[in-house]
Amino acid sequence: MKAYCNCLFIMFLSVLFFGCASETAHEDDTLFEKQNFDFNWKFSLGDYPEASNLNYDDTGWRTLDLPHDWSIEGQVKADNPTGNDGGYYPAGIGWYRKSFNVDKTLEGKQLSIYFEGVYMNAEVFINGESLGVHPYGYTSFAFDLTPYVKYGASNQIAVRVDNSQQKNCRWYSGSGIYRHVWLMVDAPVHIKHWGIGISTSKVTQASALVEIHTTLKNDSEETQNFELLTVITDKNGETVAEETASVSLEAHAEKVIPKNIQVHHPDLWSPESPDLYKAVFILKQGETILDKETHEFGIRTIGYSAETGFQLNGKPIKLNGGCVHHDNGILGAAAYDRAEERKVELLKSAGYNAVRTAHNPPSEAFLEACDRLGLLVIDESFDGWKEQKTPFDYASIFDSWWQRDIEAMVLRDRNHPSIIMWSSGNEIIERTKPEAVETAGILNSYIRTLDPTRPVTSAMTSWSQGWDIFDPLMAEHDICGYNYMMHESEGDHDRVPSRVIVQTESYPKDAFYNWKMVQDHDYIIGDFVWTAMDYLGESSIGRYYYQGEPEGQHWEKDFYPWHGAYCGDIDLIGWRKPISHYRDLLWNSTEKIYMAVREPNPSEGEIKTTMWAVWPTWESWNWPGHEGKPIAVEVYSKYPKVRLYLNDELIGEKATGIAEEYKAVFTLPYSEGVLKAVGVNDEQEQESCVLKTEQQASEIKLIADKTTMKANGQDLVFVTVEVTDNDGQLVTIADNSLSFTVSGSGSIIAAGNANLKDETPYVALSQKVWKGRALVVLKSSQATGEIRLKAAAEGLKNAELIVNVVD
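These lines cover the structure that appears in this document, whether it is placed above or below. Just so it is clear, the model here is predicted, and its values are computed rather than measured. (Residues numbered from 1 in each chain as written. Predicted model: local features only at pLDDT ≥ 70, side-chain atom pairs only at ≥ 80, totals over all residues. Heavy atoms only, no water.)

## Remarks on the side chain of Asn-313
Phase 1: With respect to the secondary-structure elements, Asn-313 resides in the loop between strand 21 (309-312) and strand 22 (315-316).
Phase 2: A distance of 3.0 Å separates the side chain of Asn-313 from the backbone oxygen of Trp-269, its partner in a polar contact.
Phase 3: In this view, Asn-313 contacts Leu-268, Trp-269, Ser-270, Ile-299, Arg-300 and Thr-301; residues no more than four positions away in its chain are not counted. (Helix = DSSP H or I, 4+ residues; strand = E, 2+ residues; numbered from the N terminus. Polar contact = N/O pair within 3.5 Å; in protein donor to acceptor, adjacent residues only side chain to side chain. Contact = heavy atoms within 4.5 Å.)

What follows is the structure in structure tokens.
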């Protein structure tokens, strides 16, 4: 996070954004962070070779703000070239343009533009000059604007984004400038971009050694003498350490300044107590501040061995992890800060303590939320290396770009305390070849050079290729990632006793087995289920299907209109499926009893499940047409026994200990009423959970995740929509069509449900509920006031919700 103290910069800001309220510096500002460059872009879908020119006429183009994903705005179609991998969404080529002025007083400064993520093949132009192309859609990059800027005049940034070559990804990628863009101004003497590394490997209760390496640049024509001031503050803003170093830096040179700073009685970062410190770095010449950056960091240590397992701050911890892709459900790939934060909140509320960013580096906002909320991270670089999985994937640029993209991941992300491991790849195609061992050695060694404080893994599997054949490849990693290979771990330990194992992907249905293996073996440090959340693309993985629907696994054929993956513990709009509660109950002590009902087989034939699926199970006791027929009720419990009652009559009692995998299944004839499961300990009934047959749908309920939002043009509120009966109970069989309208200081940017066969675009303002639920996402404007959301449906009482938009 960069800040500046310069009256010239104040003047620059005042003209740069044409007086837009959220992007104009106030007169009393003296220090400024890097400047958000997300607002007032022009966009057009299609290829316009002349659009890079300064005077190109874009008056007919759409005006929009970033982040932006044009694919999610389109219609899913069976013949779209992204196919099942990309969720059948459109892709193509798009152009973005933005005008800005630069004050003449900024001559002599260095201007650069920083993109957190563009998917993909982004070519950036300034005033008609190409600055270069960044192919990989998941890493951040910057370009120097200084040689081409016109001072005291209008300038034009143009970005050509090319996602037309399909297929290039095995999941939904989105298309466009889908993460933030920043404009940065530097003095000739400054802190290098991504030039600060902070680590804390020596920590006790009494003190922590904070090791800092700061890379400084002097782009002036003379040797410069100045001071580097480093100030560390705690979570309360109190200064806990301060150091000053005198620096002499030759012209056109850079230098790394190492510094060890003691912090006494440190507050340690952990998932339970994610305490953060701030380190402020200031370059001063006399009383003039040349540059300033602020970095949050956490004080914590990590360790691992086959004998002691994984340790955080010297204490053993087992990783209850989930894999996630980068999309935000019905928002597509757009990486709004609030959407990224909500994703972390959902993972934490489901009981996870770790996440794997499959199969690419995530947004900065996601990692900041993991730091702030306490979620451990495996940060992953690539899905593959030199041999392709899809015709236009990373393999086509690997040799030219792997080093730059590894740097972009490690140097950008290394100060996040949440990151405990780097991953250099996933299920690489060439894994049986000696060349793969060589590539792994090169990649992993380079990662360790950039960051020697964390272990490196990658996710490995076998498609009937044998397993011990991969021992040389495993040996190139500090921790060995197993995808669906937990059953090999005990034999592997006998053969290679020093190997530390983490299961980097697992089937949802194997939750108990994987939990038990992790608990029983120190050398197995955790399990990451595929997946923690439903996602777009990789269409139909995790599906269940009925008689008459096509059979097969997701990779075997197209199953349109499926356009997403249903293998997540959490569905596309944020509802926790029963498997999520079961996993949480296994790993944690916060939930001790839960009940759900297995969907009964229809009269036409049996329900069938695919490899990543679990049986469709619902929080519902409403099965019209099934009266008198047997139905199975699942009760998950950490109590020794459970009892099941229907309308206050005892159905039965069953053990739910570890021998029963903390689960009991009761089969009974269905009839309406109240179903109650009760935990039993020492023959005494404890807590209970209840399912009740709902009545006819009559109302709409709108539930916002917060009641106020910031007037910054980017804050979001997620509104859960429920169709209920007169008692306010969710009607789980409701599928009503609802229409949504909004007025005031914001807009609707997405709406939809969790049914991955529903072809309605997520930008449509008319949506069906599925299983009684839908979701609407509101975005604030830059004006204070209120947003008024209304929902209406034929035959239902309408609903209205007001959200305040504040400074």
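Now that the structure has been shown, we can carry on.
## Examining the pairing of strand 51 (residues 799-806)
A regular strand places its side chains so that they alternate between the two faces of the sheet.
Phase 1: Residues of strand 51 alternate between two faces, with Ala-799, Leu-801, Val-803 and Val-805 buried on one and Glu-800, Ile-802, Asn-804 and Val-806 left unburied on the opposite face.
Phase 2: Relative to strand 51, strand 44 (residues 708-710) runs parallel, the two sharing 3 bridges. Opposite Thr-708, over in strand 51, you have Asn-804 as the bridge partner.
Phase 3: Pairing geometry for strand 50 (residues 785-792) and strand 51, over 7 bridges, is antiparallel. Bridging from a neighbouring strand, Ile-787 pairs with Val-803 of strand 51.
Phase 4: The turn joining strand 50 and strand 51, which pair antiparallel and follow one another in sequence, is formed by 6 residues; a positive phi near 85° is taken by Gly-795. (Buried < 20%, exposed > 50% of the residue type's maximum accessible area, 1.4 Å probe, protein only. Pairing = 2+ DSSP bridges.)

## Digging into helix 4 (residues 398-413)
Phase 1: Its 16 residues place the ends of helix 4 21 Å apart at the C-alpha level, agreeing with the 22 Å of an ideal helix rising 1.5 Å per residue.
Phase 2: All of the buried residues along helix 4 are Phe-398, Trp-401, Trp-402, Asp-405, Ile-406, Ala-408, Met-409, Val-410, Arg-412 and Asp-413. (Expected span 1.5 Å × (residues − 1).)

## Some thoughts on the packing of aromatic side chains
For any pair of aromatic rings, geometry is given as the distance between the ring centres together with the angle between the planes.
Phase 1: For the structure shown, the criterion picks out 41 aromatic pairs.
Phase 2: Judged by centre distance (5.9 Å) and plane angle (75°), the ring pair of Trp-515 and Tyr-662 falls under edge-to-face. You can see Trp-515 sitting in helix 8 (residues 511-520) and its partner Tyr-662 sitting in the loop between strand 39 (649-655) and strand 40 (663-669), a full 147 residues away along the chain.
Phase 3: Exposure remark for Trp-515: the relative accessible area of 9% places this residue in the buried category.
Phase 4: The exposure class assigned to Tyr-662 is buried, which follows from its relative accessible area of 13%.
Phase 5: Look at Tyr-566 and Trp-770: their rings are 6.3 Å apart centre to centre, the planes differ by 80°, and that puts the pair in the edge-to-face class. (Phe/Tyr/Trp six-rings, centres within 6.5 Å; stacked < 30°, edge-to-face > 60°.)

## Re the environment of Thr-439
Phase 1: As for its placement among the helices and strands, Thr-439 is situated in helix 5 (residues 434-450).
Phase 2: A relative accessible area of 7% means that Thr-439 is categorised as buried.
Phase 3: The spacing of Thr-439 and Ala-750 is 311 residues in sequence and 42 Å in space, taken between C-alpha atoms.
Phase 4: For Thr-439, the residues in contact, after removing those within four places along its chain, are Trp-385, Lys-386 and Phe-398.

## A look at the sheet that holds strand 51
Phase 1: The 5 strands are arranged 44-51-50-46-48 in an open sheet whose pairing can be described as mixed. Edge positions in the sheet fall to strand 44 and strand 48 (766-768), since each of these pairs with one other strand and no more. Mean inter-strand twist for the sheet, computed between neighbouring axes without regard to direction, equals 30°. (Axes fitted to C-alpha atoms, helices over the stretch in contact; angles between N-to-C directions.)

## A word on the packing of helix 4 against helix 5
Phase 1: At a minimum axis separation of 10 Å, helix 4 and helix 5 run at an interaxial angle of 30°. It follows that helix 4 is roughly parallel to helix 5 by the angle criterion. Read as a crossing pair, helix 4 and helix 5 show a hand that is right-handed. Packed against helix 4, whose contacting residues are Phe-398, Trp-402, Gln-403, Ile-406, Glu-407, Val-410 and Leu-411, the element helix 5 presents Thr-439, Ile-442, Leu-443, Tyr-446, Ile-447 and Leu-450 at the interface.
Phase 2: Across the contact of helix 4 with helix 5, the residue classes break down as 10 nonpolar, 2 polar and 1 charged. (Parallel < 35°, antiparallel > 145°, perpendicular 65-115°, else oblique. Left-handed = near helix turned anticlockwise from the far one by under 90°. Nonpolar A, V, L, I, M, F, W, Y, C, P; charged D, E, K, R; others polar.)

## So, helix 3 (residues 364-373)
Helical geometry: 3.6 residues make up each α-helical turn, so side chains three or four residues apart lie on a common side.
Phase 1: The buried fraction of helix 3 amounts to 7 of the 10 residues, a majority that puts the element mostly inside the structure.
Phase 2: When helix 3 is considered as a whole, its buried residues turn out to be Glu-364, Ala-365, Phe-366, Leu-367, Ala-369, Cys-370 and Asp-371.
Phase 3: With its phi angle positive at about 90°, Gly-374 sits one or two positions after the end of helix 3.

## Observations regarding unusual backbone geometry
Phase 1: Going from Tyr-119 to Met-120, the amide bond is cis rather than trans, its omega being -10°.
Phase 2: Its location among the elements puts Met-120 in the loop between strand 7 (110-115) and strand 8 (122-126).
Phase 3: Cis geometry marks the peptide bond from Gln-166 to Lys-167, where omega comes out at 0°.
Phase 4: Tracing the sequence through the fold places Lys-167 in the loop between strand 11 (153-163) and strand 12 (181-186).
Phase 5: In this structure, Asn-121 is a non-glycine residue whose phi angle is positive, near 50°.
Phase 6: Within the secondary structure, Asn-121 is located in the loop between strand 7 and strand 8.
Phase 7: Looking at Asn-121, the relative accessible area reads 21%, which means it is partly exposed.

## Focus: the pattern of salt bridges
Phase 1: One pass over the structure, following the stated rule, counts 45 salt bridges.
Phase 2: Two residues, Asp-471 and Arg-499, come together in a salt bridge whose shortest N-O distance is 2.9 Å. In this pair, Asp-471 is assigned in helix 6 (residues 471-474) and Arg-499 in the loop between helix 7 (489-495) and strand 29 (501-505), connecting sequence segments 28 residues apart. Exposure class is identical for Asp-471 and Arg-499. Each is buried.
Phase 3: One salt bridge in this structure joins Glu-653 and Arg-643, with 2.5 Å as the shortest N-O distance. With Glu-653 in strand 39 and Arg-643 in strand 38 (residues 641-646), this residue pair connects regions lying 10 residues apart in the sequence.
Phase 4: When salt bridges with common partners are traced through the structure, they connect Arg-338, Glu-341, Glu-345, Arg-372 and Asp-705 into a single cluster. (Salt bridge = Lys/Arg side-chain N within 4 Å of Asp/Glu carboxyl O.)

## Topic: the sheet that holds strand 13 (residues 189-203)
Phase 1: Read across the open sheet, the 3 strands follow the order 13-14-17; overall the sheet is antiparallel. In the strand order of this sheet, the two ends are held by strand 13 and strand 17 (253-264), each with one partner. Between one strand axis and the next, the sheet turns by 15° as a mean value, whatever way the strands run.
Phase 2: Where strand 13 and strand 14 (residues 207-218) come together, 9 bridges link them in antiparallel fashion. Pairing of Val-203 across the sheet is with Ala-208, part of strand 14.

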